[in-house]
Amino acid sequence: MPRLRRDEGGNALLEGSDGTVAAAGLGGVLALAIASAPTGITVADPSLPDCPLVFCNPAFSKITGYPAEEVLGRNCRFLQGPGTEKSVVRQIRRAIAEQKPITVEFTNHRKDGRRFTNELRLAPVFDPEGRLVAYVGIQHDVTARKRAEREVEKARRAAERANKEKSDFLAFTSHEVRTPLHGVMGTLSLLLDTPLDAEQRAYAETARRCGATLLHTVNELLDLSKIEAGKLDIHPAPFRLADVVKDVLDLLAPAAAEKGIDLSASLDHLLPAELIGDATRIRQVLLNLADNAVKFTHRGSVEIRLAALPDGHVGFAVTDTGIGIPPKLRAKLFTRFTQAEAGAEQSGSGLGLAICKRLVALMGGQIAVDSTPGRGSTFFFDLPLPPVPESGAPPTRLAPRPELAPPPALAHGRILLAEDGKANQLVAAAILRKAGYTVELARDGAEAVAAAESGDYDLILMDLRMPLMDGYAATRAIRQIRGPRGRVPIIAMTASVMPGDAERCLEAGMDGHLAKPLDRLELLRAVEKVLDSRPRRPRAPAPPPEPGLLPPLLDRETLEELRAAVGPGRLPRLISVFAAETKERVRRMHGLTDPARIEEEAHTLKASAATFGAIALRDAAGRLEEACRLGDETAWRDILDSLPGLAERSIAAFPQPRGERRGEGAEGEGGED
Ligand code: ADP
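Each value, and the rule that gives it
Residues numbered from 1 in each chain as written. Predicted model: local features only at pLDDT ≥ 70, side-chain atom pairs only at ≥ 80, totals over all residues. Heavy atoms only, no water. Helix = DSSP H or I, 4+ residues; strand = E, 2+ residues; numbered from the N terminus. Buried < 20%, exposed > 50% of the residue type's maximum accessible area, 1.4 Å probe, protein only. Contact = heavy atoms within 4.5 Å. Areas by Shrake-Rupley, 256 points an atom, 1.4 Å probe, with all protein chains shown as cover. Pairing = 2+ DSSP bridges. 1 Å grid on protein atoms, 1.4 Å probe; cavity = no way out; pocket = protein on both sides within 12 Å on 5 of 7 lines; lining within 4 Å. Points joined across faces, edges and corners; volume = space filled by probe spheres on them. Core = buried A, V, L, I, M, F, W, Y, C linked by side-chain atoms within 4.5 Å. Axes fitted to C-alpha atoms, helices over the stretch in contact; angles between N-to-C directions. Salt bridge = Lys/Arg side-chain N within 4 Å of Asp/Glu carboxyl O. Phe/Tyr/Trp six-rings, centres within 6.5 Å; stacked < 30°, edge-to-face > 60°. Lys NZ or Arg CZ within 6 Å of the ring centre and 35° of its normal. Arc of directions from axis to C-beta. Polar contact = N/O pair within 3.5 Å; in protein donor to acceptor, adjacent residues only side chain to side chain. Parallel < 35°, antiparallel > 145°, perpendicular 65-115°, else oblique. Left-handed = near helix turned anticlockwise from the far one by under 90°. Nonpolar A, V, L, I, M, F, W, Y, C, P; charged D, E, K, R; others polar.

Enquirer: Any chance you could explain the overall build of the chain here in plain terms?
Expert: A count of helical and extended segments in the chain gives 20 helices and 20 strands. Counting only residues that meet the buried cut, the chain has 46% of its 673 residues in that class. Relative to all contacts within the chain whose residues are 6 or more apart in sequence, the contacts with residues 24 or more apart total 64%. Carbon and sulfur atoms make up 56% of the accessible area of the chain, which totals about 33800 Å².

The structure is reproduced here in structure tokens:
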């Protein structure tokens, strides 16, 4: 019978009848060291049945709660129990079978039943002849460490979740709050353009002012959260300094004029005309400072000055002759939610300067203020903005341009408005039409692409989020169209102001970016800017139908383009297919009473009429489509009634083949190719 024995250190040994284990005993200092080790150490003997433990040190008993007497002679699996990971047990068995060392962590049970996580390192022991003589096991109770790791992981996941929720919330606020606000602001603009009595006008003006403040605050909150989440990136690109300053002047001109304040800007002649920086963010900072300056000045002037600084930075200063800032307020001016005592000018959120400070810091500069109460203030900031070589010098003095001249009464541009939100579509279309533009509508990206393929637009206003095909994909598809139609200017409209949106727009091939809610003046300015910079079309765009003035039935140029596109001789056949199809469609539409169905048919009719240059029919179908969409029954019934006659006349206006149709290659008009 093997018997328990203690060695010099007090380690427990199972002494075989032949004295083997004891003979291999530890001896002297080594035994004492192992007895004091804070690590559980065991030895198992594979030559005995079931590979029992033949040695354990005191630390092992401490970890497991089992005294040596209850351990030796037993296989170590007595530590296993409910919750012990089966896969780990299998790994251990495999390692033993292969006589390989292994390190595992698994759930073991103490004698008192409590579970603990055992980090077990098990290694085979070979004698000098390479024979397996034992297994040595090193054990640690890593329960506390595992718990801490789990806590850290849990906290990390919770933080990740919270951060994601914050980002989602940001996206949600940005889109969901701004989109309806867009509708509210646009509708108020339209309302203010209608005849109103003084009281009504005052109410509507108040509503618009409050809406504008709300929008401004939402934007500021979004900006600040983005900056604080480290999600606001700076995107440097070449830009014209004077453009940024001019934009700021133009935007503030009405408020300054209203208060009788002089507003001007001067630029150092040593500055280059073009620099590399994030124009949007620079404009934002400058606008905020100049806006405050106008807001807190009752008489005198607001001046923006830009200078080349000796360290190569560009210095910006906004000086006003306003109420000034008391020293107490000045000290905490650039922190969040700082405002002077309530006063008449208090309409802001107290976030503006905090955002300015962070933006300037992100761009590598500093911001400061100098102010004398009662005399005025100057806000300075400087930015490192590398010059664009050989870009010339900027104009040295700038003044706001006079109020927007009304666009000519007649349409002078054809605009495709791709937008799925009905209210927003109505508002934007109404603003543009009122200004004299011809506006056609697309409800999603796919429609926009189809329209861009078949029509000559001067501009496409493209919502970014639309069903079926979003604005990015639609723009990419339009840019694939060969010829001038693929190069039509596209401006994105979006209520989303998430980081990277502007870049994605440019990447997709768009020419600009308008934030929703669309401001009437900003929208008109952006449209005017694009249309002004375009070479005038050789042919006038289709004018809107005026009362008593019928649009031409056919656009010959479209037809010629089609003739060139389809190849020699195919046009007559196509025209006859179009004629038959159109007659059939119009007949079918007459039998319909469901506006949704009529709208669908009208939409298709509009597209095919546009392809063939049947512009009067196209416009009528477009109006019919819109009337159905708006549920304007009187209008759609009227248009529907006039449709068969118009279709007949349009078809008759196509060039007639000479004699009988002679099929492919026998174009009646002849003359081409
Ligand atoms: P707000 O949105 O309230 O304008 P800001 O952070 O832009 O927030 O400004 C904070 C406060 O600093 C203002 O409410 C005002 O009291 C003061 N302030 C800022 N600019 C000027 C200025 N040019 N003249 C006088 N006071 C100013």
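Enquirer: So what exactly am I meant to see when it comes to the pairing of strand 5 (residues 102-109) here?
Expert: If a strand is regular, its side chains alternate between the two faces of the sheet. Most of strand 5 sits out of view: six of its eight residues are buried. Summarising the sheet, strand 5 and strand 6 (residues 115-126) pair through eight bridges and their orientation is antiparallel. Among the inter-strand pairings, Thr-103 is bridged to a residue of strand 6, identified as Arg-121. The turn linking strand 5 back onto strand 6 is made up of five residues, and Gly-113 within it adopts a positive phi angle of 95 degrees.

Enquirer: Sorry if this is basic, but what is going on with the environment of Arg-283 here?
Expert: Tracing the chain through its elements places Arg-283 in helix 8 (residues 279-295). By relative accessible area, Arg-283 is classed as partly exposed at 24%. Considered as a pair, Arg-283 and Asp-247 are 36 residues apart in the sequence and their alpha carbons are 7.9 Å apart. Leave out the neighbours within four places in its chain, and Arg-283 touches Val-244, Asp-247 and Val-248.

Enquirer: What am I meant to see in empty space enclosed by the protein here?
Expert: Over the atoms rolls a probe the size of a water molecule, and in doing so it shows where empty space is left. For the structure shown, the criterion picks out two cavities of 30 Å³ or more. Roughly 120 Å³ of volume is contained in the largest cavity. Forming the walls of the largest cavity are 14 residues, and the residues nearest its centre are Ala-451, Ser-454, Tyr-457, Lys-606 and Ala-607. Elements represented by at least two residues in the lining of the largest cavity include exactly strand 17 (438-442), helix 12 (445-454) and helix 18 (595-611).

Enquirer: Whenever I open this one, the nonpolar core confuses me. Can you help?
Expert: Note that soluble globular proteins tend to have their nonpolar side chains buried in a common cluster. Counting 50 residues, the largest nonpolar core has Leu-286, Leu-289, Ile-304, Phe-316 and Phe-381 as its most contacted members. The residues touching Leu-289, leaving out its near neighbours within four places in the chain, are Val-318, Leu-353, Cys-356, Ile-367, Phe-379 and Phe-381.

Enquirer: Mind showing me how you'd approach the sheet that holds strand 12 (residues 314-320) here?
Expert: Within a sheet, adjacent strands bond to each other through the backbone by hydrogen bonds, running parallel or antiparallel. Overall, mixed pairing links the six strands, which are arranged 13-14-12-11-9-15 in an open sheet. Two strands close off the open sheet at either side, each with one partner strand: strand 13 (366-372) and strand 15 (397-398). With six bridges joining them, strand 9 (residues 262-267) and strand 11 (residues 301-308) adopt parallel strand pairing. Bridge assignment links Ser-264 to a residue of strand 11, and that residue is Glu-303. Contacting strand 9, strand 11, strand 12 and strand 15, helix 7 (residues 241-259) runs over the sheet at an angle of about 170 degrees to strand 9.

Enquirer: In this structure, what is going on with the pattern of salt bridges? I would like to understand it.
Expert: When charged atoms on two side chains of opposite charge get close, those side chains can pair. Enumeration over the complete set of coordinates arrives at 39 salt bridges. For Glu-119, the salt bridge identified is with Arg-145, shortest N-O distance 3.8 Å. Note that Glu-119 is positioned in strand 6 and Arg-145 in helix 5 (residues 143-192), a separation of 26 residues in sequence. Judged by relative accessible area, which is 38%, Arg-145 ranks as partly exposed. The closest approach of N and O atoms between Glu-153 and Arg-156, which form a salt bridge, is 2.8 Å. Here Glu-153 pairs with Arg-156, and both are found in helix 5, just three residues apart, close to one helical turn. Several salt bridges share partner residues, and in doing so they unite Glu-105, Glu-119, Arg-121, Arg-145, Lys-146 and Glu-149 into one network.

Enquirer: What's the story with the sheet that holds strand 6 in this structure? I'm lost.
Expert: Taken in spatial order, the seven strands line up as 1-2-4-3-7-6-5 in an open sheet, and their pairing is antiparallel. A strand with exactly one partner marks an edge of an open sheet, and here the two such strands are strand 1 (3-6) and strand 5. Across the sheet, the axes of successive neighbouring strands diverge by a mean angle of 30 degrees, strand direction being ignored. The pairing of strand 3 (residues 40-44) with strand 4 (residues 53-56) spans three bridges and is classified as antiparallel. Counted as the bridge partner of Thr-42 is Cys-56 from strand 4. Those strands touched by helix 4 (residues 86-97) are strand 5, strand 6 and strand 7 (132-141), and its axis lies near 135 degrees from that of strand 5.

Enquirer: What am I meant to see in unusual backbone geometry here?
Expert: Most peptide bonds are trans, and most residues other than glycine sit at a negative phi. The backbone phi angle of Asp-50 is positive, close to 65 degrees, even though this residue is not glycine. Note that Asp-50 resides in the loop between strand 3 and strand 4. A positive phi angle is found at Gln-99, which is not glycine, with a value near 55 degrees.

Enquirer: I'm lost on the packing of aromatic side chains in this one. Help?
Expert: Two measures describe an aromatic ring pair: the distance that separates the ring centres and the angle between the ring planes. Following the criterion strictly, the structure yields six aromatic pairs and no others. Seen in terms of ring centroids, Phe-578 and Phe-612 are 4.5 Å apart; in terms of plane orientation they differ by 15 degrees. Their pairing is stacked. With Phe-578 in helix 17 (residues 571-590) and Phe-612 in the loop between helix 18 and helix 19 (615-630), this residue pair connects regions lying 34 residues apart in the sequence. With respect to burial, Phe-578 and Phe-612 carry one shared label: buried. An angle of 85 degrees between the planes, with centres 6.5 Å apart, marks the rings of Phe-612 and Phe-654 as edge-to-face. Of the two residues, Phe-612 sits in the loop between helix 18 and helix 19 while Phe-654 sits in the segment after helix 20 (633-653), which places them 42 residues apart along the sequence. We classify Phe-612 as buried; its relative accessible area is 9%. A residue is classified by how much of its surface remains accessible, and Phe-654, at 2% relative accessible area, is buried. Following the ring pairs from residue to residue traces out a cluster consisting of Phe-578, Phe-612 and Phe-654. Seen from the ring of Phe-78, Arg-74 lies directly overhead, with NZ or CZ sitting 4.4 Å from the centre. Sitting over the face of the ring of Tyr-457, Arg-414 holds its NZ or CZ atom 4.4 Å from the ring centroid.

Enquirer: Please clarify how helix 13 (residues 471-479) should be interpreted in this entry.
Expert: Given 3.6 residues per helical turn, the α-helix brings residues three or four places apart onto the same face. For helix 13, every residue scored as buried is listed here: Gly-471, Tyr-472, Ala-474, Thr-475 and Ile-478. The buried residues of helix 13 all sit within an arc of 165 degrees when viewed along its axis, so they share a single face. Of the residues flanking the start of helix 13, the one acting as N-cap is Asp-470, its side-chain oxygen 3.1 Å from the backbone nitrogen of Tyr-472.

Enquirer: Help me understand the packing of helix 17 against helix 18 in this model?
Expert: Geometrically, a packed helix pair is captured by the angle between its two axes and the distance between the axes. At a minimum axis distance of 10 Å, the contact between helix 17 and helix 18 shows a crossing angle of 160 degrees. The orientation of helix 17 relative to helix 18 falls into the category roughly antiparallel. Here the hand of the crossing between helix 17 and helix 18 comes out left-handed. Across the interface between the two elements, Phe-578, Thr-582, Arg-585, Val-586, Arg-588 and Met-589 from helix 17 touch Ile-598, Glu-601, Ala-602, Thr-604, Leu-605, Ser-608 and Ala-609 from helix 18. Grouping the constituent residues of the contact of helix 17 with helix 18 by class yields seven nonpolar, three polar and three charged.

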